[in-house]
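Single-letter residue listing:
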Amino acid sequence: MPEPATPSPPLLSARSLRFTRNDMPVFGPLDFEVAAGEALLVQGDNGAGKTTLLKVLAGLLRADDGDVHLQGRPVDPALRARVIGYLGHLPGQKADLSALENLRFLCGLHGSRPGMSLEGAMATVGLAGYEDALARQMSAGQRKRLSLARLWLSPAPLWLMDEPYANLDLEGIELVNRMIQAHLREGGGTMVTTHGAYAAPPVRTRMLVLERPS
Ligand SMILES: Nc1ncnc2c1ncn2[C@@H]1O[C@H](COP(=O)(O)OP(=O)(O)OP(=O)(O)O)[C@@H](O)[C@H]1O
């Protein structure tokens, strides 16, 4: 008889994850997983800790307690860099570089998906023609689209998306949803923070609701 297939581990699993700031609890302890092909919606009121949670997972802040595994292995910086693509609140672009130079710089640092061109990614996010625009001269929504182009180019399977819909027009919101759908179809996963004011991506979702500690 053939051996039953071993299920692959989730892209991310967190156990008893807790973060405090100045002895004040911000979130946790939290237990959650993100499987391939799945979106985890992180919901909560202003100040509930959504951004902080994504920063902890992206390695920008250190948790007080808990374990994080990526693809079944305990997280370390190299694994994190390979598995996680982070779309933060701030655009994370160099203001005096052009849109294309920013993409080239970031792909040089973090790598990119084979066979995908920077210009093609710009067109995908609706920025064709803005290749030479300086980041500081772009609108907030255009800079968000540039960050989305970077994520689209990333080879990382797990996208951490902090307020991906913020600053985007309706077409931009649909763009985010299409990107998430395509990413999940290819076996990726994502965590998406949202206040719930925007439409959730039309994909298989689970919810993680954060509440402000009392
Ligand atoms: N750099 C900081 N220094 C001190 N406190 C901070 C800092 N950043 C966030 N906080 C506090 O941590 C808590 C969680 O903030 P966080 O930004 O994670 O919330 P959020 O759920 O993402 O909120 P929002 O929906 O408003 O974006 C808040 O009480 C906030 O005031």
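Residues numbered from 1 in each chain as written. Predicted model: local features only at pLDDT ≥ 70, side-chain atom pairs only at ≥ 80, totals over all residues. Heavy atoms only, no water.

- The name an unreviewed UniProt entry assigns to the protein chain is Heme ABC exporter ATP-binding protein CcmA, from the organism Luteimonas colneyensis.

**Topic: the pattern of salt bridges**
Close approach of charged atoms allows side chains with opposite charge to pair.
Alright, step 1. In the structure shown here, the tally under the stated rule is 6 salt bridges.
Alright, step 2. Here E33 makes a salt bridge to R15, at a shortest N to O gap of 2.8 Å. Linking E33 in strand β2 (residues 24-34) with R15 in strand β1 (residues 12-21), this pair joins segments that are 18 residues apart in sequence.
Alright, step 3. Residues R113 and E186 are paired through a salt bridge, measuring 2.9 Å at the closest nitrogen-oxygen approach. Here R113, found in the loop between α3 (99-110) and α4 (118-124), pairs with E186, found in the loop between α6 (170-185) and β8 (189-194); they are 73 residues apart in sequence, far enough to count as distant.
Alright, step 4. Residue R113 is classed as buried on the basis of its relative accessible area, which comes to 18%.
Alright, step 5. Using a relative accessible area of 57% as the deciding quantity, one classes E186 as exposed. (Salt bridge = Lys/Arg side-chain N within 4 Å of Asp/Glu carboxyl O. Helix = DSSP H or I, 4+ residues; strand = E, 2+ residues; numbered from the N terminus. Buried < 20%, exposed > 50% of the residue type's maximum accessible area, 1.4 Å probe, protein only.)

**Some thoughts on the sheet that holds strand β3 (residues 39-43)**
Strand pairing within a sheet occurs via backbone hydrogen bonds; the two strands may be parallel or antiparallel.
Alright, step 1. Pairing in this open sheet of 5 strands is parallel, and the strands run β6-β7-β8-β3-β9 from one edge to the other. The open sheet terminates on both sides in strands that have one partner only, identified here as β6 (84-87) and β9 (205-209). Averaged over all neighbouring strand pairs, the angle between strand axes comes to 15 degrees, with direction disregarded.
Alright, step 2. Across 4 bridges, β6 lies against strand β7 (residues 158-161) in parallel orientation. Paired with L87 across the two strands is M161, which belongs to β7.
Alright, step 3. Lying over the sheet, helix α1 (residues 50-58) contacts β3, β6, β7, β8 and β9, oriented at roughly 150 degrees with respect to β8.
Alright, step 4. Of the strands in this sheet, β6 and β7 touch helix α5 (residues 140-153), which is tilted by about 175 degrees from β6. (Pairing = 2+ DSSP bridges. Axes fitted to C-alpha atoms, helices over the stretch in contact; angles between N-to-C directions. Contact = heavy atoms within 4.5 Å.)

**Considering the site of the ligand**
Alright, step 1. R21, V26, D45, N46, G47, A48, G49, K50, T51, T52, H89 and H195 make up every residue found near the ligand.
Alright, step 2. Within the side chain of R21, an N or O atom sits 2.8 Å from an oxygen atom of the ligand.
Alright, step 3. In the environment of the ligand, an oxygen atom lies 2.5 Å from a nitrogen or oxygen atom belonging to the side chain of T52.
Alright, step 4. Per-element accounting of the shell around the ligand gives the leading share, 3 residues, to α1.
Alright, step 5. Across the shell around the ligand, the residue classes tally to 2 nonpolar, 7 polar and 3 charged. (Near = heavy atom within 4 Å. Polar contact = N/O pair within 3.5 Å; in protein donor to acceptor, adjacent residues only side chain to side chain. Nonpolar A, V, L, I, M, F, W, Y, C, P; charged D, E, K, R; others polar.)

**Here's the deal with the packing of α5 against α6**
Alright, step 1. Contact geometry for α5 and α6: axes closest at 12 Å, N-to-C directions at 10 degrees. Between α5 and α6, the interaxial angle falls into the category roughly parallel. Where α5 abuts α6, its residues R145, L148 and W152 lie against E171, G172, L175, V176, M179 and A182.
Alright, step 2. Tallied by class, residues from the contact of α5 with α6 come to 6 nonpolar, 1 polar and 2 charged. (Parallel < 35°, antiparallel > 145°, perpendicular 65-115°, else oblique.)

**Some details on the nonpolar core**
Alright, step 1. With 32 residues, the main nonpolar core has L103, V125, L148, M161, V176, M179 and I180 as its most contacted residues.
Alright, step 2. Counting residues per element, the ones that place at least two in this core are β3, α3, α4, α5, β7 and α6.
Alright, step 3. Those residues within four positions of I180 in sequence are excluded, and the remaining contacts are W159, M161, T190, V192, P201 and V203.
Alright, step 4. One finds V26, A58, L160 and L208 within the second-largest nonpolar core, a separate group that totals 28 residues. (Core = buried A, V, L, I, M, F, W, Y, C linked by side-chain atoms within 4.5 Å.)

**Side note on α6**
Alright, step 1. For α6, with 16 residues, the first-to-last C-alpha span of 23 Å sits near the 22 Å given by 1.5 Å per residue.
Alright, step 2. Regarding α6, the residues found buried are G172, I173, L175, V176, N177, M179, I180, A182, H183 and L184.
Alright, step 3. Those residues of α6 that are buried are in contact with β3, α4, α5, β7 and β8.
Alright, step 4. Looking at the residues trailing α6, positive phi occurs at G187, about 95 degrees. (Expected span 1.5 Å × (residues − 1).)

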